[in-house]
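Okay, here's what each chain looks like letter by letter:
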Amino acid sequence: MGEIAEDMAGCWLDGHFGWLNIGRVIELAMAYGYRPDHPDIDGLLKRFKANESTSPGHRDVWDLNDFADEATDYLTDRAPDGYAFHWECGELFMWSENEI
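Residues numbered from 1 in each chain as written. Predicted model: local features only at pLDDT ≥ 70, side-chain atom pairs only at ≥ 80, totals over all residues. Heavy atoms only, no water.

Engineer: In this structure, what is going on with the confidence of the model for the protein chain? I would like to understand it.
Structural biologist: Residues shown with low pLDDT carry predicted positions that ought not to be read at fine detail. Considering every residue of the protein chain, the mean pLDDT works out to 87; 89% of them sit at 70 or more. Averaged pLDDT values for the elements of the protein chain fall to 84 in helix H2 (residues 41–49) and rise to 97 in strand E1 (residues 10–13). (pLDDT = per-residue confidence, 0-100. Helix = DSSP H or I, 4+ residues; strand = E, 2+ residues; numbered from the N terminus.)

This is the structure:
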C-alpha cells in the first residue's frame, strides 16, 4: 500500500466487526509494512478469525491484543504530521490530534 495521507482521515475499522477488529488492525498495519514478532502470525490470525482461540486467557488472545496495540502505534507512526490513530467504541479512526 501507499502512504497514509490526510485525506484518508476518518473511520478505518467499523465497530460492527466487533472483536474481529483486533485481528483486522494487525492485517491493516501489515499491509503498510508492520511485521509482528510471531513465528506464525498468519496462522494465528486465521485461527482467531475462525473463532478457535477466543476463550478468555488463551495465549493467542493475549498475543493478538499486544499486536493490535503495536499495530495501532505503527499506523500512528506512519500517519501524516498532526494525525493519529485512535480507538473509540470499538472503531479505529485516523483523526487530527486536535480532534482526539
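Engineer: Teacher, can you tell me more about the packing of aromatic side chains here?
Structural biologist: Two measures describe an aromatic ring pair: the distance that separates the ring centres and the angle between the ring planes. If you walk through the whole model with that rule in mind, you get 4 aromatic pairs. Here tyrosine 34 and tyrosine 74 contribute two aromatic rings whose centre-to-centre distance is 5.5 Å and whose plane-to-plane angle is 50 degrees, an arrangement assigned as tilted. Of this pair, tyrosine 34 sits in the loop between helix H1 (21–31) and H2 while tyrosine 74 sits in helix H3 (residues 59–78), and the two are 40 residues apart along the sequence. Judged by relative accessible area, which is 6%, tyrosine 34 ranks as buried. One aromatic cluster is present, built from ring pairs that chain together Trp12, Tyr32 and Phe85. Here arginine 24 stacks its cationic end above the ring of phenylalanine 17, 3.7 Å away from the centre of that ring. Positioned over the ring face of tyrosine 74 is arginine 78, at 3.5 Å from the centre of the ring. (Phe/Tyr/Trp six-rings, centres within 6.5 Å; stacked < 30°, edge-to-face > 60°. Buried < 20%, exposed > 50% of the residue type's maximum accessible area, 1.4 Å probe, protein only. Lys NZ or Arg CZ within 6 Å of the ring centre and 35° of its normal.)

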